[in-house]
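Fold and geometry: a report
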Amino acid sequence: MKVTDSAGVAVDGADAAALVHELALRIALATPPGRLEFCVFDPTMTGSLGIFSALRASDTVAFAPSINDERLLRERLFAHLATVASTAESMAVSGASTFAELGKANSRPRYVFVVLLGYPAGFTEDTHARLVQLAHGSKARGVSFIVHVDDHVRPADRVETSDFLSLIPRASASGGVLSGNAVPAPYTLDTPAGRARWLDAVGWWSDVAVKSTAPVTSFEDIVNAIEDAWVEGADTAMVASFGRAGETVLGLEFRNANPPLPNALIGGAVGQGKSNLLLTLIYGVAARYSPDDVRMFLLDFKEGVEFSQLGPSGRNGAWLPHVDVLGLESDRDFGLAVLSHLTEQFEIRSTAFKNAGVGDITAFRSVSTEPMPRLLLVIDEFQVLFGRSDEVGRAAVDQLESLVRKGRAYGIHVVLASQSIRGIPGFSTRGDAIFAQIPHRISLKNSADESRAVLGDRNTAAASLRVRGDVVVNSNFGEPSDNVVGSVAYADSRYLERLKNDLWRMSVDRVEPRVFVSSNYSPSRLLVAADRSGPALACLGVPIGVRTGAEGPAVSFDDEQNIALLGSSRELTHAVLNSIVLSLLIHPLFDGAAVQIVDCAGDTFGSALAESWIEQGYSVEVVPKNSAMSTIVDGLEEPVGATRFRQIVVFLDLHRLRELSEQDERTFKTKSELFVRYVTESVDRGAFVVGCWSSARAAQTTVPRLRGFGATVSTGLVPAEYTAAFGPHTEPPEGFPRITYTDSVSVHRPRTLVPFDPSARPAVQR
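Residues numbered from 1 in each chain as written. Predicted model: local features only at pLDDT ≥ 70, side-chain atom pairs only at ≥ 80, totals over all residues. Heavy atoms only, no water.

**Digging into the overall build of the chain**
- Scanning the chain for helices and strands turns up 22 helices and 29 strands.
- By the burial criterion, 55% of the 766 residues in the chain qualify as buried.
- Sequence separation of at least 24 residues holds for 76% of the intrachain contacts in the chain that already meet a minimum separation of 6.
- Of the roughly 31900 Å² of accessible surface on the chain, 49% is carried by carbon and sulfur atoms.
- Each charge sign in the chain was given a centre, from 72 positive and 89 negative side chains, and these centres are 2 Å apart. (Helix = DSSP H or I, 4+ residues; strand = E, 2+ residues; numbered from the N terminus. Buried < 20%, exposed > 50% of the residue type's maximum accessible area, 1.4 Å probe, protein only. Contact = heavy atoms within 4.5 Å. Areas by Shrake-Rupley, 256 points an atom, 1.4 Å probe, with all protein chains shown as cover. Lys, Arg positive; Asp, Glu negative; His and termini not counted. Charge placed at Lys NZ, Arg CZ, Asp CG, Glu CD.)

The structure is reproduced here in C-alpha cells:
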C-alpha cells in the first residue's frame, strides 16, 4: 500500500483504528530522523497515537502533540496549504515531477502526514472545506492523509464527506483482512505488534535520532579561519560567523547602511540547538573584534546556565572581555533597565556625532580617534520580558521599538531569540512595527507555524530541516528565495572556556561586567561607606539596573531618617538590618557607637543578630521584651544636642509589645505616645532607631503616620499591605530577594532594591 507521493489512504471497518495506529508507527520508525512530520487530529481524545510522545524529545517537529481543537486544526491546514503552494512553485522551477524528486535537488524536505482519527468527527463546514482544498492539491507534493473513517459518526451540517473521501484511496479492515482500491488485492493483516515491541522499537529509533543530530562543523575551525583577529575594526559592519553552508562560512553581517542590516531574530524548537547557536554567534563576534570595537549586553530569561560561562569563572576569574552586562535568570525589571540604558546612548552618541559633524557611527569612526564601540544586545527567550501588558511590559516594548528603529545609526544592534514568538501579549499591536526593523531571520528546526512566525509569512523552510543544528539563514526579512540552509558549528564547552581565557588575556583595560542573577542577593563588595566627610549612608540594597551602587537614606543630624521595616520575612529583615547596621558603624558619625537590640520577639532571631555583629568587633546589647519600656524612658533622659551617634537601637517585632497601648504611670500618657516622642527626638539625643513590625497596619497603630521614621522599607509585606505602606497603585516587586523603599527626603516614589546577603560584611571595616 503506497502512502507517499499519493493522497494516502482512508480506512473503515472494525479493525480500522488498529490499522491506522500500526501504519502511522511503521511509517514513523521506517523513516530516517528529520524526514517527516505528523499532524494528528484526535477530536474525541482517544490518545491512540500517544506513543508518539516517547519520540517527541528526539524530534519535536515530527511528533508534535495531537490536536483536539478544530480551530487549531484549521490553522494547521492553512499552514500545509501554504507549504504545498510553495512546493508546487519549487517543483515547477526545478522540473521535478514528484516531491521525492524535489528532495534530491534541494535540502532534505519533510514529508507531512495528516492523520485523522474518527473522521468526520470534529469537522465543521469551513474546516472541512480547507481539508478538501488540501487534498486536491497535495498529491505528490509532500502531504498525504492517513484517515480512520468512523461510520458511526454523523457528519456536521453541510459537511459532505464524499467531497474528501473521493480524493483518497479507500480500504476496509475487518476480520483480519484489508481490501479496497488502496491495495491491489485483499491482504491478510499482520498480528498487531503489541505495546512492548513498539516501545522497544521506539527506544531504538530514539537512539538513532540522537546519534544523527550532532553538528559536524567545528566552531574551532570557524574561529581559526578568522584573519586579522582584533585587527579588523567594526567601522562599517560587524560580522558574526557561526557555521557553514557547504564550503562557505555561515554568518551574519550587522551593518547600519548599504544596505542596513541592523538586527536579528532567532527561533528554534526545544532541543534544536538555540543555546549553541547564540554562544557561537557571541564568540564569533568576540574572536573577530576587540573589546574596543564591540561591547555586549546579554540577557538570559531562562535558567541562565549557558550565558553564565561568559561571566567571571574559573581559577583566574576570567570573563569574556567584551561583556558589559550579563543578566542571568533575568527578571523583567532588569531587562527594562538594560533597554533604558541603551536608549540613553542615543543622546550621548548624538552629541558626539554633532560635535564631529557626522550622522552615524561609520562616519564618526572614520574621522574621530575617540572610541565608540558597536553595542550588541542579545536577549534569549525575549518573550518573557514582553509577556505581560503591564507597566513594565509596555515600557519595554516602547524601548525595544526605539532601539530596533533608531539604533542602527548609533551602532546598536539587537538579537532576539526564542523557542516560540507567537502570541506575545506585548507585541499584539506593535509586533509588526518591531519585526519590520529586523532583516536577519534565523531558524533552527521548527514547526511550519513557528517557521512562518520567525522567517516570514510565506516561509516554512525551517519545518523541512532534518536534524538538530541545521539552520535556515535569511537576511531579507524572510523572503523564501533568499534562504540559505546550513549547519551551526558545534561549540565544545572546553574549547569555549579556552577561547574565553585567551581573549581575556589579550585584553588590556578589563572592567568586570555587571552580572545580575535574579535569585541572588547583592554582592557584599558594594556594601561600603558613603563619603566619610558627609552624611552616613544606611545601605539597604542595590537598585535593579546597569549601574551599581548601594542605596539607602542619608543619615545626619539635619534630617530625621530613622527607618521602619515592615514585613514578616525574617530572611529579608535579617538582610536589611545587617546592611543598615554595618554600613553605619563604619562611618565617622558612628565612631564608637554601640548597638542595642530591643527584642520583643522572644526567639533566637535577636541573639543571632547580636552574635554576628559581636564577631566583627562591635559592642552589642540585647534587651529583653520586659525591659523595652524602661529602655524607651531611659532614652528620653539622655541629653539633647548630640554631635555624633552613640548608639543604633533596633526594635524587633514591635507589634508584640502590648505595653504600648497602656498608660504610663509617671506621665499619664499612653506608652505609644512616649515611644513616638522617643523616636522623633532620638537623633538629637544621639540614637538612630530602626523599628520592625510584621505589617504596615500594626506599625501605624503604634506610630500614626510613622512619625519620626523618615524611611520605610518593605521586608515581605503581603500585597494588600503595600497600599497602606506606600500609597495607592503600589504592587509588590517581582522576584526574591527584593525590598521596596521610600524616604521623606529624596526617594518619594517607591524604589525596588536587591538587598545584601544576610551574611555580608562591608568591604571597608571600621
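**What to know about unusual backbone geometry**
- Residues Tyr-119 and Pro-120 are joined by a peptide bond in cis, for which omega reads 10°.
- When you line up the elements, Pro-120 lands in the loop between strand 3 (111–119) and helix 5 (125–138).
- Cis rather than trans, the peptide bond between Phe-736 and Pro-737 has omega equal to 5°.
- Its location among the elements puts Pro-737 in the loop between helix 22 (719–726) and strand 28 (739–743).
- In this model, Ala-140 sits at a positive phi of 65°, which is unusual for a non-glycine residue.
- Structurally, Ala-140 can be placed in the loop between helix 5 and strand 4 (143–149).
- What makes Ala-140 buried here is its relative accessible area of 14%.
- The backbone phi angle of Leu-706 is positive, close to 50°, even though this residue is not glycine.
- The topology assignment puts Leu-706 in the loop between helix 21 (696–702) and strand 27 (709–714).

**Observations regarding the sheet that holds strand 8 (residues 237–245)**
- Pairing is mixed in the open sheet, where 11 strands are placed in the order 9-8-17-16-15-10-14-13-11-12-18. Whereas interior strands pair on both sides, the edge strands pair on one side only; in this sheet they are strand 9 (248–255) and strand 18 (514–517). Across this sheet, the average inter-strand angle for adjacent strands is 25°, counted without regard to direction.
- The pairing of strand 16 (residues 470–474) with strand 17 (residues 484–488) spans 4 bridges and is classified as antiparallel. Bridged to Val-472 within strand 17 is Val-485.
- Where helix 13 (residues 391–406) meets the sheet, its contacts fall on strand 13 (374–380) and strand 14 (412–418), and the angle it forms with strand 14 comes to roughly 125°. (Pairing = 2+ DSSP bridges. Axes fitted to C-alpha atoms, helices over the stretch in contact; angles between N-to-C directions.)

**With respect to the pattern of salt bridges**
- In the structure shown here, the tally under the stated rule is 44 salt bridges.
- Between Arg-158 and Glu-125 there is a salt bridge, and its shortest N-O distance comes to 3.6 Å. With Arg-158 in the loop between strand 4 and helix 6 (161–165) and Glu-125 in helix 5, this pair connects stretches of sequence that are 33 residues apart.
- On the basis of relative accessible area, Arg-158 is assigned to the exposed category, the value being 67%. (Salt bridge = Lys/Arg side-chain N within 4 Å of Asp/Glu carboxyl O.)

**Some thoughts on the side chain of Ser-275**
- Structurally, Ser-275 can be placed in helix 9 (residues 274–288).
- The residues contacting Ser-275, other than those within four sequence positions of it, are Lys-302, Glu-306 and Asp-380.

**Details of the layout of surface pockets**
- Taken as a whole, the largest pocket holds about 1000 Å³ of empty space.
- Surrounding the largest pocket, 24 residues form its lining, Asp-333, Glu-391, Val-392, Pro-750 and Thr-752 being those nearest its centre.
- Looking at the lining of the largest pocket, the elements that each hand over two or more residues are helix 11 (332–356), helix 13 and strand 29 (751–755).
- Of the residues that constitute the lining of the largest pocket, the class distribution is 10 nonpolar, 4 polar and 10 charged.
- Taken as a whole, the second largest pocket encloses approximately 880 Å³ of empty space.
- Mapped onto the lining of the second largest pocket, the elements with two or more residues apiece are helix 3 (70–94) and helix 4 (99–105).
- At 10 residues, the largest contribution of residues to the lining of the second largest pocket is made by helix 3. (1 Å grid on protein atoms, 1.4 Å probe; cavity = no way out; pocket = protein on both sides within 12 Å on 5 of 7 lines; lining within 4 Å. Points joined across faces, edges and corners; volume = space filled by probe spheres on them. Nonpolar A, V, L, I, M, F, W, Y, C, P; charged D, E, K, R; others polar.)

This is a description of form; function is not addressed.
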